[in-house]
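# Structure at a glance
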Amino acid sequence: MLQQRLPNQTRSMETTKVFSTDKLEKATDNYNKSRVIGQGGYGVVYKGILLDNRVVVIKKSKIGDQSQIEQFINEVIVLTQINHRNVVKLLGCCLEIEVPLLVYEFITNGTLSDHLHDKSQCSLLSWDKHLRIASETAGALAYLHYEASMPIIHRDVKTANILLDDNHIAKVSDFGASRLVPLDQTQLTTLVQGTLGYLEPEYFHTSHLTERSDVYSFGVVLAELLTGKKVISLDRPESERNLATYFVSTVKEDRLVEVLDDNIHNGSNIEELKKVANVAKRCLSVKGDDRPTMKKLAVELDGLRVQGKQVGKEANLNTEKSEYLLSASTHSLSIDVGVGYSSTSSTIDSMGNQALKSTDDGR
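Keep in mind the model is a prediction, meaning the values are calculated, not measured.

### Let's talk about the overall build of the chain
- From N to C terminus, the chain includes 14 helices and 8 strands.
- Here the analysis covers contacts within the chain between residues at least 6 apart in sequence; of these, 61% occur between residues at least 24 apart.
- In the structure as shown, the chain presents an accessible area of about 19,200 Å², 50% of it carried by carbon and sulfur atoms.

Below, the structure is given as structure tokens:
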């Protein structure tokens, strides 16, 4: 059925491949445990090497339901039409066995979660990179919500699902994976979609996820970027265990500085950090309708990035100018100290003359 439909999807045919079971078994050394790079509610993730030496990620679902094969095919077609620089590419799939297999590009530099919480890596990401990653992630989610041929709700936005390449460019992964799992109303209440700490409060009452659910989860990601803290920690005092609620209270009480990550807070960027913190606070509104859309967030964060760059350039220009003037003044004085004052010396500029005049007057 998938092969019949793909020829009608021109873009899909350019990027999608239907892999055979044999090829994927060879790529993963027969799904060897040593090739497992992740696992969760959806299934197991393997690192694979294809015959052409391309490194890929192969996701094997835990749940297979032949009655929902039509739904799965529709989803694959939608995913193959996604083309965004900040979304991990789906390269192909395999339907020869009972559970669906998806093949994605392999992203080299691990997850954002690793970079934030691994002590050996956390200092590698400057605040500028933090803000760029936030902006890129917002842009990718806005694309999924509003520009994909069919709106896609990620359903599990978290730092572990934001991958980084060699240049620390963000790549959103695992989007729409839960759509591959057939769900009815009963299952919605028993099968949790998303990750504890990132889930909006409303979900526990309605068991219904929307685009604004992704916005809430993204707000938690922003809080994590700003603080470097894990979203849930039993090691913290009870009032601080849930990062989202704790973060909102610190922003409301103007205590943001107390929770900021030392690696990004350098004293001069506090106003920018406060602006991003307020964006996060709006994302973390209890009611979904009070949260901004991902489209607005993408524009706002991109605007903050541009402002930050301009401020940075101006600061650099001022620093360079000060250094130049200081250098010129010092240079002029050093010449005169060494060779004696001469009003006709061509090596002494007007600034040097003025500096010496002030010195002589002082004597």
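### Here we look at the sheet that holds strand β6 (residues 101–105)
- The strand order β1-β5-β6-β4-β3-β2 describes an open sheet built from 6 strands, whose pairing is mixed. Edge positions in the sheet fall to β1 (17–18) and β2 (36–39), since each of these pairs with one other strand and no more.
- The pairing of strand β4 (residues 55–61) with β6 spans 5 bridges and is classified as antiparallel. Opposite I58, over in β6, you have V103 as the bridge partner.

### Section: the packing of aromatic side chains
- Throughout the structure, instances matching the rule amount to 2 aromatic pairs.
- Note on Y203 and F204: the rings are 5.9 Å apart at their centroids and 70° apart in plane angle, and the pair reads as edge-to-face.
- Over the aromatic face of Y31 sits the side chain of K60, whose NZ or CZ is 4.3 Å from the ring centroid.

### Side note on the pairing of strand β5 (residues 90–94)
- The element β5 is extensively covered by neighbouring structure, given that 5 of its 5 residues are classed as buried.
- Relative to β5, β1 runs parallel, the two sharing 2 bridges. Looking at the pairing, V18 lines up with C93 of β5.
- Where β5 meets β6, 4 bridges bridge the pair, whose relative direction is antiparallel. Counterpart to G92 in the pairing with β6 is V103.
- In this structure, the hairpin formed by β5 and β6 is closed by a connection of 6 residues.

### Topic: the nonpolar core
- Core analysis: the biggest nonpolar cluster contains 67 residues, and L112, F218, L222, L226, F247, M294 and L301 have the highest contact counts within it.
- Leave out the neighbours within four places in its chain, and L222 touches A134, V276, V279 and A280.
- One finds F19, Y31, Y46 and L50 within the second-largest nonpolar core, a separate group that totals 13 residues.

### Concerning the confidence of the model for the chain
- Chain-level pLDDT for the chain is 79 on average; 70% of the residues reach the 70-or-more range.
- Confidence drops under a pLDDT of 50 for residues 176–191, and excluding neighbours within four residues, the segment shows 36 contacts in the predicted structure.
- This model gives residues 330–363 a pLDDT under 50, and the stretch forms 16 contacts once residues within four places in sequence are excluded.

### Looking at the pattern of salt bridges
- The tally for this structure, following the rule as stated, stands at 8 salt bridges.
- The salt bridge involving D52 is made with R54; its shortest N-O contact spans 3.1 Å.
- Using a relative accessible area of 48% as the deciding quantity, one classes D52 as partly exposed.
- Residue K158 pairs with D156 through a salt bridge whose shortest N-O separation is 3.7 Å.
- The class for K158 is buried, based on a relative accessible area of 17%.
- Members of the salt-bridge network, linked through shared partners, are R85, R132 and E136.

### Focus on empty space enclosed by the protein
- According to the stated counting rule, one finds 1 cavity of 30 Å³ or more in the structure shown.
- Counted as a void, the largest cavity has a volume near 30 Å³.
- Lining the largest cavity are R155, D156, Y198, L199, E200, L209, S213, D214 and S217.
- Of the residues that constitute the lining of the largest cavity, the class distribution is 3 nonpolar, 2 polar and 4 charged.

### Some remarks on the environment of H168
- The residue H168 is located in the loop between β7 (162–164) and β8 (170–172) in this model.
- In this structure H168 comes out as buried when scored by relative accessible area, which is 11%.
- The spacing of H168 and R132 is 36 residues in sequence and 9.2 Å in space, taken between C-alpha atoms.
- Engagement of the side chain of H168 in a polar contact is seen with the side chain of K129, the distance being 3.1 Å.

Cut-offs used in this document
- Sequence order as written defines residue numbering, which begins from 1 separately in each chain.
- Local features in a predicted model are, by the rule used here, given only for residues with pLDDT of at least 70; side-chain atom pairs are given and counted only at 80 or more, and totals for whole chains, interfaces and linings are based on all residues.
- For side-chain calculations, the full set of non-hydrogen atoms in the structure is used, while hydrogens and water are omitted.
- By definition, any uninterrupted DSSP run of H or I lasting at least four residues is a helix, any uninterrupted run of E lasting at least two residues is a strand, and each is numbered from the N terminus.
- The contact rule is simple, with two residues in contact once any of their heavy atoms fall within 4.5 Å.
- Where accessible areas are quoted, they stem from the Shrake-Rupley method and a 1.4 Å probe; at the residue level, only the protein chains shown are allowed to cover.
- Criterion used throughout: strands pair if DSSP finds at least two bridges between them.
- Stacked, tilted and edge-to-face are the three classes applied to pairs of Phe, Tyr and Trp rings, where Trp contributes its six-membered ring and a pair requires centres within 6.5 Å; stacked means planes under 30 degrees apart, edge-to-face means over 60, and tilted covers the rest.
- Two thresholds decide whether a charge sits over a ring: the Lys NZ or Arg CZ must be within 6 Å of the ring centre and within 35 degrees of the ring normal.
- Note on exposure labels: buried denotes an accessible area under 20% of the residue type's maximum, exposed denotes more than 50%, and partly exposed covers the range between, all computed with a 1.4 Å probe on protein chains only.
- What is meant by a nonpolar core is a set of buried Ala, Val, Leu, Ile, Met, Phe, Trp, Tyr and Cys residues, joined one to another through side-chain atoms within 4.5 Å.
- Across the chain, each position has a pLDDT score giving the predictor's confidence in that residue, from 0 to 100.
- In what follows, salt bridge is the name for a side-chain nitrogen of Lys or Arg lying within 4 Å of a carboxyl oxygen of Asp or Glu.
- Points on a 1 Å grid over protein atoms alone make up a cavity when a 1.4 Å probe fits among them but cannot get out, and a pocket when they form an open set with protein on both sides within 12 Å along at least five of seven lines; lining residues each have an atom within 4 Å of a point.
- Grid points are joined across faces, edges and corners, and a volume is the space filled by probe spheres set on the points.
- When residues are grouped by polarity, Ala, Val, Leu, Ile, Met, Phe, Trp, Tyr, Cys and Pro land in nonpolar, Asp, Glu, Lys and Arg in charged, and all others, Gly among them, in polar.
- Think of a polar contact as two N or O atoms within 3.5 Å of one another; within protein, one of them needs to be a possible hydrogen donor and the other a possible acceptor, and neighboring residues in sequence only count if both atoms come from side chains.

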